[in-house]
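# Tertiary structure, described
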Amino acid sequence: MLNGRIKFAGTGNMRSFDLGNSSMLVRMSFGNVLVDCGYANYERMIKSKLIDEVEYLMITHLHGDHAGSIHPLLLYLRYQKNVRCKIIVPDNNFKKYLIEYFSFFMSDYTKYVEFVDLKHAPGVGFFETTGLHSNRIVSYAYTFRIGRRFVYYSGDLGDITATERFLQWVLNYNPGMQISDFLVLHETSFIERSGHTYYKDLMRLAEKYEVYAYHCDHRRAPKDCTLKFVADADK
Ligand SMILES: [Zn+2]
Ligand SMILES: [Zn+2]
């Protein structure tokens, strides 16, 4: 995608053992950023060698299909590459939250992790979506400026109106930006009211923006689904 600037490590959801969990590597000018690292992706990334490109990590939320391979990834980087994983955090709250999470399985996380403030990741932005995917679960959508393109990665998000409002806000506050500059990479579900974005709601967004869907088994899309899927595009 985007001339190889974006490569997905997996496109499925928590049940997708063969498609991997949704996760992408973005090649930014300051370095390569892996967004999410779910339980089914560690072996996949070793096989595809994508793991050797990981320099930075961002996590949308701590569900297993987004964060389940963090531990093996940290061990791989530390003991195979002799580097610490640079984790870009959207805000201090999420940093504290991750440190608490690491404390359950690492006595000293600083051996494996170096936190990077968002201001040292030029072109990267975020949109907090806490509670909009799952009750009380802290979550974020992330954005990446690549040339004139504005890439929006929804993370898991059960409320399409949040995405609509955010994209409109970006448009309003960035004079000169056009709808065609947006590349919307959005999670979807074929089941209604599942804490995920129902495909028919996403189809409405796709009437306005260039949208590619992920976090689903695209092979099981209903007949009336006209969405484009990351799984078909990212080859
Ligand atoms: Zn989730
Ligand atoms: Zn998920």
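Scroll up to find the structure.
The present account deals with the structure reproduced in this document.

Rules and cut-offs
- Residues numbered from 1 in each chain as written.
- Chains lettered and ligands numbered in written order.
- Predicted model: local features only at pLDDT ≥ 70, side-chain atom pairs only at ≥ 80, totals over all residues.
- Heavy atoms only, no water.
- Core = buried A, V, L, I, M, F, W, Y, C linked by side-chain atoms within 4.5 Å.
- Buried < 20%, exposed > 50% of the residue type's maximum accessible area, 1.4 Å probe, protein only.
- Helix = DSSP H or I, 4+ residues; strand = E, 2+ residues; numbered from the N terminus.
- Contact = heavy atoms within 4.5 Å.
- Pairing = 2+ DSSP bridges.
- Arc of directions from axis to C-beta.
- Axes fitted to C-alpha atoms, helices over the stretch in contact; angles between N-to-C directions.
- Donors = N, O, S within 2.8 Å, 3.2 Å for Na, K, Ca; no water.
- Salt bridge = Lys/Arg side-chain N within 4 Å of Asp/Glu carboxyl O.
- Tetrahedral: all angles 85-135°; square planar, octahedral: opposite > 155°, others 65-115°.

Counting residues in each nonpolar core, the largest one holds 55 residues, and the members touching the most others are Ile6, Phe144 and Leu185. Ranked by the residues each element gives to this core, the list is headed by helix α3 (residues 70-80), at 5 residues. The residues touching Phe144, leaving out its near neighbours within four places in the chain, are Met24, Val26, Met28, Val33, Val35, Met58, Gly123, Val124, Arg149, Phe150, Val151 and Tyr153. Leu157, Val170, Leu171 and Val211 belong to the second largest nonpolar core, which has 26 residues in total.

This brings us to the sheet that holds strand β7 (residues 124-128). Spatial ordering of the open sheet is given by β7-β8-β9-β10-β11-β12, a layout of 6 strands whose pairing is mixed. In this open sheet, the two strands that pair with only one neighbour each are β7 and β12 (228-229). Taken together, the 4 bridges between strand β9 (residues 149-153) and strand β10 (residues 182-187) define a ladder with parallel strand orientation. When the sheet's bridge partners are listed, Phe150 is paired in β10 with Phe182.

It is worth spelling out α3 at this point. Taken together, the buried positions of α3 are occupied by Ile70, Leu73, Leu74, Tyr76 and Leu77. The arc that holds every buried residue of α3, seen down its axis, measures 160°, which confines them to one face. Of the exposed residues in α3, those oriented more than 90 degrees away from the buried face are Tyr79 and Gln80. At the C-terminal side of α3, Asn82 shows a positive phi close to 60°.

Okay, the sheet that holds strand β4 (residues 56-58) next. Spatially, the 6 strands line up as an open sheet ordered β1-β2-β3-β4-β5-β6, and their pairing is mixed. If you trace the sheet from one side to the other, it starts and ends with β1 (6-10) and β6 (113-117), each paired once. Mean inter-strand twist for the sheet, computed between neighbouring axes without regard to direction, equals 30°. Taken together, the 5 bridges between strand β5 (residues 85-89) and β6 define a ladder with parallel strand orientation. What sits directly across from Val89, in β6, is Asp117.

Summarising the metal site, the zinc ion (ligand 1) is bound by the protein donors His61 (NE2), His63 (ND1), His133 (NE2) and Asp156 (OD), whose distances to it range over 2.2 to 2.4 Å. Each donor residue of the zinc ion (ligand 1) lies on the same chain, and together they follow the pattern H-x1-H-x69-H-x22-D. Taken as an interatomic distance, the gap from the zinc ion (ligand 1) to the zinc ion (ligand 2) is 3.4 Å; Asp156 donates to each of them. By relative accessible area, which is 0% here, His61 ends up buried. Owing to a relative accessible area of 25%, His63 belongs among the partly exposed residues under this scheme.

The next subject is the pattern of salt bridges. Close approach of charged atoms lets side chains of opposite charge pair. Evaluation of the coordinates by the stated rule reveals 12 salt bridges. For Glu114, the salt bridge goes to Arg84, with nearest N and O atoms at 3.6 Å. Of the two residues, Glu114 sits in strand β6 while Arg84 sits in the loop between α3 and β5, which places them 30 residues apart along the sequence. The class of Glu114 is partly exposed, set by a relative accessible area of 30%. A salt bridge links Asp201 to Arg204, with the nearest nitrogen and oxygen atoms 2.4 Å apart. Residue Asp201 and its partner Arg204 are located together in helix α6 (residues 199-205), separated by 3 residues, close to a single helical turn. Through salt bridges with shared partners, a single ionic network connects Asp18, Asp217, Arg219 and Arg220.

Okay, the coordination of the zinc ion (ligand 2) next. Donor atoms from the polypeptide that bind the zinc ion (ligand 2) are Asp65 (OD), His66 (NE2), Asp156 (OD) and His215 (NE2), placed at 2.1 to 2.2 Å. Of note is the zinc ion (ligand 2), whose 4 donor atoms meet at the metal with angles of 85 to 166° in an arrangement that counts as irregular. All donors of the zinc ion (ligand 2) belong to a single chain; written as a sequence motif, their spacing is D-H-x89-D-x58-H. Overall, Asp65 belongs to the buried group, its relative accessible area being 6%.

In short, shape yes, function no, at least from these values alone.
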